[in-house]
Amino acid sequence: MTRPLKLCIIGCGSICKHICGSIGKGNVPGAVILGVYDRNPERSESVASDFGGGIKAASSFDELLSLEPDLMVEAASQSAVSEYLITALERGISVMIMSAGALSDDVLLSRIMQLSEERQCDVHIPSGAIGCLDAIRSAVSSGISEVVITTRKPPSGFEGSKYVVDNEIDLSSIKSETVLFEGSARDAVLLFPANVNVAASLSLAGIGFDRTQVRVVADPDAKRNSHEIHVEGGFGSMHFIVNNVPSPDNPKTSYLAALSAVESLRNICSSFHVGT
Ligand SMILES: NC(=O)c1ccc[n+]([C@@H]2O[C@H](COP(=O)([O-])OP(=O)(O)OC[C@H]3O[C@@H](n4cnc5c(N)ncnc54)[C@H](O)[C@@H]3O)[C@@H](O)[C@H]2O)c1
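This text gives an overview of the structure that appears in the document.

**With respect to the overall build of the protein chain**
Phase 1 of the analysis: From N to C terminus, the protein chain includes 10 helices and 11 strands.
Phase 2 of the analysis: Since a compact globule built from 276 residues should have a radius of gyration of about 19 Å, the 19 Å found for the protein chain is in line with a globular shape.
Phase 3 of the analysis: Counting every position in the protein chain, which comprises 276 residues, the buried fraction comes to 43%.
Phase 4 of the analysis: Partitioning the intrachain contacts of the protein chain with sequence separation of at least 6 by distance along the chain shows that 70% fall at a separation of at least 24.

This is how it looks when you write it as structure tokens:
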């Protein structure tokens, strides 16, 4: 059975374009995109004209809301989560969050959880650039003692991050594998907001932002963005390695993240579910 889904997208970058392309090709039966919004109007207009299908380029978030979607997809930035999604939930609109790092703010997270219960709408956080969240969620009830994620990228992949800017790190001078940061997921998502959304989703699926440990490695020999995840607990142990190719439109975003957003939409529209 296919369930109809009317959606809107905030942010018209690489993930949005992949979603629009997939839905346009009929790869998410039941889904229709009503409109898109970007703080850079040229981007929303370009998505609306490139992908057609009646997609409206909204000139404001209020205009996007007025289209009355069932689901608001955030594919923009951490700040967009707090800026727009509370209003969407207050109106009973379900949300999908790609910039999961925003949820390291406990106040925002509990408000989102409270509203979704009160308004009986859903909050979807796709696995994004890692996967394996289903296995970790299953393992939580057995007791998890340790979750460590090592994120490894070429040095240029960390350009503009708060940690690099604050510490005046010259990324071009890194000639061999260098650990930039080791610490909690709570600190990592603030210092590397565009790079470690995966650490946030992992924290939410497992043992939280304070107990999930993150290592960030700049490696000039790295050809791909990789995430290595190690979990220990009552179930035994797990070890996952994901070697991602970058998105065609944004080298900071892994292609798997865009694929994961589309698969989450397919899951919402379907009555047949595989994986926990
Ligand atoms: N969960 C994951 O595993 C995962 C993986 C990759 C990327 N991401 C995150 O998903 C988000 C989207 O990724 P992308 O590759 O499509 O990014 P992108 O940079 O290609 O596009 C983002 C677009 O959003 C717009 N935007 C940003 N903040 C906005 C705001 N407050 N209001 C309106 N528009 C805004 C920008 O102008 C830009 O056009 C990013 O935050 C990225 O860090 C998550």
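**Here's the deal with the site of the ligand**
Phase 1 of the analysis: Near the ligand you find 32 residues, and of these Gly11, Gly13, Gly128, Thr253 and Ala257 are the closest.
Phase 2 of the analysis: Contributions of two or more residues to the shell around the ligand are made by helix 1 (14-24), helix 4 (78-90) and helix 9 (197-205).
Phase 3 of the analysis: Looking at the shell around the ligand residue by residue, the classes come out as 13 nonpolar, 14 polar and 5 charged.
Phase 4 of the analysis: Lining the shell around the ligand are residues from two domains, each supplying at least three of them: domain 1 (5-128 + 256-269) and domain 2 (133-246).

**Details of unusual backbone geometry**
Phase 1 of the analysis: The residue glutamate 68 is not glycine, and still its phi comes out positive at about 55°.
Phase 2 of the analysis: Relative to the helices and strands, glutamate 68 is located in the loop between helix 3 (61-65) and strand 4 (71-74).
Phase 3 of the analysis: Take glutamate 68: there are 12 C-beta atoms within 10 Å of it, and that puts it in the exposed class.
Phase 4 of the analysis: With phi around 45°, glutamate 168 is a residue other than glycine that occupies positive phi space.
Phase 5 of the analysis: Residue placement: glutamate 168 occurs in the loop between helix 7 (162-166) and strand 8 (178-184).

**Brief notes about the sheet that holds strand 4**
Phase 1 of the analysis: Strand order across the open sheet formed by 6 strands is 3-2-1-4-5-6, with parallel pairing between neighbours. Of all the strands in the sheet, the pair left with one neighbour each is strand 3 (56-57) and strand 6 (123-124).
Phase 2 of the analysis: Note that strand 5 (residues 94-97) and strand 6 share 2 bridges and pair parallel. Residue pairing for strand 6: valine 95 is matched across the bridge by valine 123.

**Considerations on helix 9**
Phase 1 of the analysis: Most of helix 9 sits out of view: 9 of its 9 residues are buried.
Phase 2 of the analysis: Every buried residue of helix 9 is listed here: Asn197, Val198, Ala199, Ala200, Ser201, Leu202, Ser203, Leu204 and Ala205.
Phase 3 of the analysis: Summarising the contacts, the buried residues of helix 9 are in contact with helix 6 (133-140), strand 7 (144-153), helix 8 (185-191), strand 9 (212-218) and strand 10 (225-233).

**Regarding the environment of glutamate 146**
Phase 1 of the analysis: On the secondary structure map, glutamate 146 appears in strand 7.
Phase 2 of the analysis: Residue glutamate 146 is classed as partly exposed on the basis of its C-beta count, with 14 C-beta atoms lying within 10 Å.
Phase 3 of the analysis: Spatially, the C-alpha atom of glutamate 146 lies 8.2 Å from that of isoleucine 207, the residues being 61 residues apart in sequence.
Phase 4 of the analysis: Apart from residues no more than four positions distant in its own chain, glutamate 146 is found in contact with Val231 and Glu232.

**Section: the sheet that holds strand 10**
Phase 1 of the analysis: Reading across the sheet, the 5 strands line up as 8-9-7-10-11 and stay open at both edges, with mixed pairing between neighbours. What marks the edges here is a single partner per strand, and that holds for strand 8 and strand 11 (236-244). Going across the sheet, the axis of each strand differs from the next one's by a mean of 10°, ignoring polarity.
Phase 2 of the analysis: The pairing of strand 7 with strand 10 spans 8 bridges and is classified as antiparallel. From the neighbouring strand, threonine 150 faces strand 10, where its bridge partner is glutamate 228.
Phase 3 of the analysis: On the sheet, helix 6 packs against strand 7, strand 10 and strand 11 and is oriented at approximately 15° with respect to strand 10.
Phase 4 of the analysis: Against the sheet, helix 9 touches strand 7, strand 9 and strand 10, its axis set at about 165° to strand 7.

**What about helix 2 (residues 41-51)?**
Phase 1 of the analysis: When we look at burial in helix 2, the residues that qualify are Ser44, Val47 and Ala48. Seen end-on, helix 2 carries its buried residues on one side only, within an arc spanning 95°. More than 90 degrees from the buried face of helix 2, the exposed residues found are Glu42 and Ser49.
Phase 2 of the analysis: Tucked inside the fold, the buried residues of helix 2 contact helix 1, strand 2 (31-37) and strand 3.
Phase 3 of the analysis: One or two steps after helix 2, the chain reaches glycine 52, where phi turns positive at roughly 55°.

**Observations concerning the nonpolar core**
Phase 1 of the analysis: Core analysis: the biggest nonpolar cluster contains 79 residues, and Ile9, Val36, Ala188 and Ala199 have the highest contact counts within it.
Phase 2 of the analysis: If you count residues domain by domain, this core takes at least three from each of domain 1 (5-128 + 256-269) and domain 2 (133-246).
Phase 3 of the analysis: Excluding residues within four positions of it along the chain, valine 36 makes contact with Cys8, Ile9, Cys12, Cys16, Ser44, Val47, Ala48, Ile55, Ala57 and Ala58.

Conventions and cut-offs
- Residues numbered from 1 in each chain as written.
- Predicted model: local features only at pLDDT ≥ 70, side-chain atom pairs only at ≥ 80, totals over all residues.
- Helix = DSSP H or I, 4+ residues; strand = E, 2+ residues; numbered from the N terminus.
- Rg over C-alpha atoms; globule rule 2.2 N^0.38 Å.
- Buried ≥ 20, exposed ≤ 12 C-beta atoms within 10 Å, placed from the backbone.
- Contact = placed C-beta atoms within 7 Å.
- Near = placed C-beta within 6 Å.
- Nonpolar A, V, L, I, M, F, W, Y, C, P; charged D, E, K, R; others polar.
- Domains from an automatic or database assignment.
- Pairing = 2+ DSSP bridges.
- Axes fitted to C-alpha atoms, helices over the stretch in contact; angles between N-to-C directions.
- Arc of directions from axis to C-beta.
- Core = buried A, V, L, I, M, F, W, Y, C linked by C-beta atoms within 7 Å.

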